[in-house]
Amino acid sequence: MTFDKVILGGRLFDGTGGPSALRNIGIRDGRVAAITADAVEGTETVDASGCWVMPGMIDIHTHYDAEVLAAPGLTESLRHGVTSIVMGSCSLSTVHVNGSEAADLFGRVEAIPHEHVVRIVGEHKTWNNAEEYIEALEARPLGPNVTAFIGHSDIRVAVMGLDRATRKDVRPTKAEQARMEQMLTDALDTGFIGLSSQQLLFDKLDGDVCRSRTLPSTYARAKELRRLKSILRRRDRTLQSGPDISHPHNIVSQAFQSVGIGRPRLKTSLLAAADMKSTPGGMWFTVALAAIANRLGGDFRFQHLPVPFEVYADGIDLVIFEEFGSGAAALHLKTEMERNKLLADEGYRRRFRKDYDNKFGPRAWHRDFFDAEIVACPDPSVIGKSFGDVGVERGRLHPVDAFLDLVLEHGSQLRWRTTISNHRPKALRQLAVSSGIQVGFSDAGAHLRNMAFYNSGLRLLRHVRDAGFMSVEDAVYRLTGELADWYHLDAGHLRMGDWADVVVIDPQHLDAGLDEYHEAPVEAFGGMQRMVNRNDRTVKTVLVAGHTVFAEGTPTELVGRRRTGSFMRADGRPRNAPLRRESVAV
């Protein structure tokens, strides 16, 4: 029997966690039609000798909501074997808001250029509701499969307006509350996987009118949240939430709301489990909390990035500064001239030093400029040094003053990096095997100049192979089938009849190249340079619905021209088969 495509001689990991084996795979009409040790023939052959063959990985936390409209191939994820992507994270989606509102929501908190979000959403938006949104996505040449949360901030702004939605003294009227509930219901009816909300108070708005206010969902009171969550409970859909880490009781409350107690449980995926430098041992709080909530009958998970959380910054442009007053005050100012005037003021510097020296309470950044390396600067004498080191060399300046002095001298040409969390390999291993953890928190498509975790799944596989703290079969399951099953997605497995979303990996090249720093232009955002990952020898082939989209590190002619991916609906409806004609140009 001849197949459309065959994958020969690879070690198959089917995404169930079961034993792997050397198998040949036959693909017909986009699905797995044969898994056998016998010879098979196909119109097209992929030689997987010596390679691992596994389901395409699932990225459960991205912010591709604008990029997918202008560049739906999403090649930076595809090239690393990610074939299914979740959008609409952190209360942010583009289902209901207009271009200007979307830019204010995404621009600052996700570090996506404001002007490009305005342009892209404004140019491409043809939809007015969730069903039309899905139709618009599938009219584009999607590279990977996508699915989405409906964003709480999205529907709140659409109903109340951006200004009213971000005022502490304003509550939605009964009609507005009903309209938000209807928007959520409509989204779930069309197959959205749930609602994303956000209570984290250092996520700020961009733009002019409401600049520096926190995201609209943070202004929602208990009644509003309770009514929206009740819809999710009845439908067994997911709440993704970012708790207010400055009030740990908020995290505990989220966990025990998952349990239900006299009502249906609430499936909850919370941000995020990490081994924080700022809070050593705090990861055990999240692990224990998830275990307790699930033992009591909840369905509660923490999302987790399974690699060191290394961030880069150009000058002072980095979201970690939003979590304290003096840092947020600098980011509130839009022009370099305004910022420089503030950074030079001694009163401001005193406030910054006080915030920096205050090490009490939960926080994301460890606030240690001795643990921040300068990687690029017009002054070569400081490259490779920390800001603390520079301060010592300059007459024992406080590290804050050394940092601010260099920002004043060089602006965005000063590039530096630090690792915020997940710095201890042993802790990463302990988190990766915890049952209350979901392996996935890449933030792909956001923070374009600050970080790149597109290949985090590959880096987990390398860690597993080298350290042996779990089987490769279990690691593949955590990256694929476990996530697909929990979110009710038609993806993540390679069994007879499953969609042939496949990645072929050469384990010999799961090497140090995965960690290297790279940049590449983003055409959709005016050619700006973003951080990316490049490990083209590691991923040999990527297939979506049986179509080869990457081969030997190069996108095929299909990518950006024909739709290979589909919108994955969480209600059990099958995926739409890829179009066999040319997709509409974007």
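Numbering of residues begins from 1 in every chain and follows the order in which that chain's sequence is written. Local features in this predicted model are restricted to residues of pLDDT 70 or higher, and side-chain atom pairs are both shown and tallied only at a pLDDT of 80 or more, whereas totals for entire chains, interfaces and linings draw on every residue. Side-chain measures here rest on the full set of heavy atoms in the structure, leaving out hydrogens and waters.

An unreviewed UniProt entry annotates the protein chain as D-amino acid aminohydrolase of Mycolicibacterium smegmatis.

(A) The arrangement of a nonpolar patch on the surface in detail. Judged by side-chain polarity, F256, I292 and L296 come together as a nonpolar surface patch covering roughly 270 Å² of accessible area. Segments assigned H or I by DSSP are reported as helices when at least four residues long, segments assigned E as strands when at least two residues long, and all are numbered from the N terminus. As for its position among the elements, I292 is in helix α11 (residues 282-295). Each patch is built from residues lacking any salt bridge and having more than 30% relative accessible area; the joining distance is 9 Å for like charges and 5 Å for nonpolar side chains (Val, Leu, Ile, Met, Phe, Trp, Tyr). Residue-level accessible areas treat just the shown protein chains as cover; the underlying method is Shrake-Rupley with a 1.4 Å probe. Every case where a carboxyl oxygen of Asp or Glu lies within 4 Å of a side-chain nitrogen of Lys or Arg is listed as a salt bridge.

(B) Molecular detail of the sheet that holds strand β14 (residues 373-376). Whether two strands pair comes down to DSSP finding at least two bridges between them. The strand order across the open sheet built from three strands is β13-β15-β14, with neighbouring strands paired in antiparallel fashion. On the outer flanks of this sheet lie β13 (309-314) and β14, each paired with one strand and no other. Pairs of neighbouring strands in the sheet enclose a mean axial angle of 35°, with direction left out of account. Taken together, the three bridges between β14 and strand β15 (residues 415-421) define a ladder with antiparallel strand orientation. Between N-to-C directions, angles span 0 to 180 degrees; the directions come from axes that are lines fitted to C-alpha atoms, helices contributing only their stretch in contact.

(C) Fine view of helix α14 (residues 346-357). One fewer than the residue count of a helix, multiplied by 1.5 Å, yields its expected span. Between its first and last C-alpha, α14 extends 16 Å over 12 residues, near the 16 Å set by a 1.5 Å rise per residue. Each residue is placed in one exposure class: buried if its accessible area under a 1.4 Å probe, protein chains only, is under 20% of its type's maximum, exposed if it is over 50%, and partly exposed if it falls in between. Every buried residue of α14 is listed here: Y348, R349, F352, R353 and Y356. Buried residues of α14 fall within an arc of 140° about the axis and therefore sit on the same side. Each polar contact in these results corresponds to two N or O atoms within 3.5 Å; when the atoms are within protein, one needs to be able to donate a hydrogen and the other to accept it, and residues that are neighboring in sequence are counted only if both atoms are side-chain atoms. For α14, the capping residue at the N-terminal end is D345, with a side-chain oxygen 3.1 Å from the backbone nitrogen of G347. Along the arc lie the directions from the helix axis toward the C-beta atoms.

(D) Examining a positive patch on the surface more closely. Taken together, the side chains of K174, K223, R226 and R263 define a basic patch exposed on the protein surface. Inspection of the secondary structure puts R263 in the loop between α10 (248-259) and β11 (267-270). Asp and Glu are treated as the negative residues and Lys and Arg as the positive ones, with His and the ends of the chain left uncounted. Throughout, a charge is located at the NZ atom of Lys, the CZ atom of Arg, the CG atom of Asp or the CD atom of Glu.

(E) The arrangement of the sheet that holds strand β6 (residues 57-59) in detail. Strand order in the open sheet made by the eight strands is β6-β7-β8-β9-β10-β11-β12-β16, with parallel pairing throughout. Bordering the open sheet on either side are β6 and β16 (437-439), each of which pairs with just one other strand. The average angle at which neighbouring strand axes cross in this sheet is 30°, direction not considered. Any two residues whose heavy atoms approach within 4.5 Å are treated as being in contact. Each of β10 (238-241), β11 and β12 (300-304) touches α10; the most contacted strand, β12, lies at about 130° to it.

(F) Here's a closer look at the side chain of T218. Structurally, T218 can be placed in the loop between β9 (194-196) and α9 (222-235). The buried category is assigned to T218, whose relative accessible area is 17%. A polar atom in the side chain of T218 sits 2.6 Å from the side chain of T214. With sequence-adjacent residues up to four places away left out, T218 is seen in contact with Q198, Q199, L200 and L201.

(G) Region of the structure containing the side chain of E224. Of note, E224 is situated in helix α9. Of note is the side chain of E224, whose polar atom sits 2.9 Å from the side chain of R156. Residue contacts for E224: discarding those within four places in its chain leaves H152, R156, P172, Q177 and M180.

(H) View of the pattern of salt bridges. By the definition in use, this model includes 41 salt bridges. Close ionic contact of R265 with D299 constitutes a salt bridge, the shortest N to O distance being 3.5 Å. Residue R265 is found in the loop between α10 and β11, and its partner D299 is found in the loop between α11 and β12; the two are separated by 34 residues along the sequence. Overall, R265 belongs to the partly exposed group, its relative accessible area being 39%. We classify D299 as buried; its relative accessible area is 7%. With a closest N to O distance of 3.9 Å, E323 and R367 form a salt bridge. Of this pair, E323 sits in the loop between β13 and α12 (325-332) while R367 sits in the loop between α14 and β14; the two residues are 44 residues apart in sequence, bridging distant segments of the chain. With respect to class, E323 is no different from R367; both count as buried.

(I) Structural detail: the UniProt feature "domain: Amidohydrolase" (unreviewed entry) in the protein chain. UniProt positions are given in the numbering used here, feature names are shortened, and annotations may be inferred rather than shown by experiment. According to UniProt, the "domain: Amidohydrolase" (unreviewed entry) feature falls on residues 44-226. Here residues 44-226 runs as 39% helix and 15% strand, with 53 Å between its end C-alpha atoms.

(J) Looking closely at the nonpolar core. To define a nonpolar core, start from buried Ala, Val, Leu, Ile, Met, Phe, Trp, Tyr and Cys residues and group those joined through side-chain atoms within 4.5 Å. M87, L137, F192 and L461 are the most contacted members of the largest nonpolar core, which totals 92 residues. Those residues in contact with M87 that lie beyond four places of it in its chain are T62, Y64, D65, V68, Y133, L137, V146, T147, A148 and F149. L200, M276, F369 and A372 belong to the second largest nonpolar core, which has 45 residues in total.

(K) Representation of the pairing of strand β20 (residues 539-544) in the model. For β20, the buried fraction is high: five of the six residues fall into the buried class. Note: strand β17 (residues 502-505) against β20, four bridges, orientation antiparallel. Each bridged residue has a counterpart across the sheet, and for V504 the counterpart in β20 is T541. The pairing of β20 with strand β21 (residues 547-551) spans four bridges and is classified as antiparallel. Across the sheet, the residue bridging to V544 is H547, located in β21. Linkage of β20 to β21, two consecutive antiparallel strands, is achieved through a turn of two residues, within which A545 is found at a positive phi near 50°.

(L) Local environment of the environment of L558. Here L558 lies in the segment after β22 (554-555). On the basis of relative accessible area, L558 is assigned to the buried category, the value being 13%. With 256 residues separating them in the primary sequence, L558 and F302 have C-alpha atoms 36 Å apart. Beyond its immediate chain neighbours, meaning those up to four positions away, L558 contacts H547, T548 and T564.

(M) Quick peek at the environment of M496. Locating M496 in the fold gives a position in the loop between α20 (481-487) and β17. Along the backbone, M496 and I25 are 471 residues apart, and their C-alpha atoms lie at a distance of 9.5 Å. With residues near it in sequence (within four places) discarded, M496 still touches V32, A33, A34 and I35.

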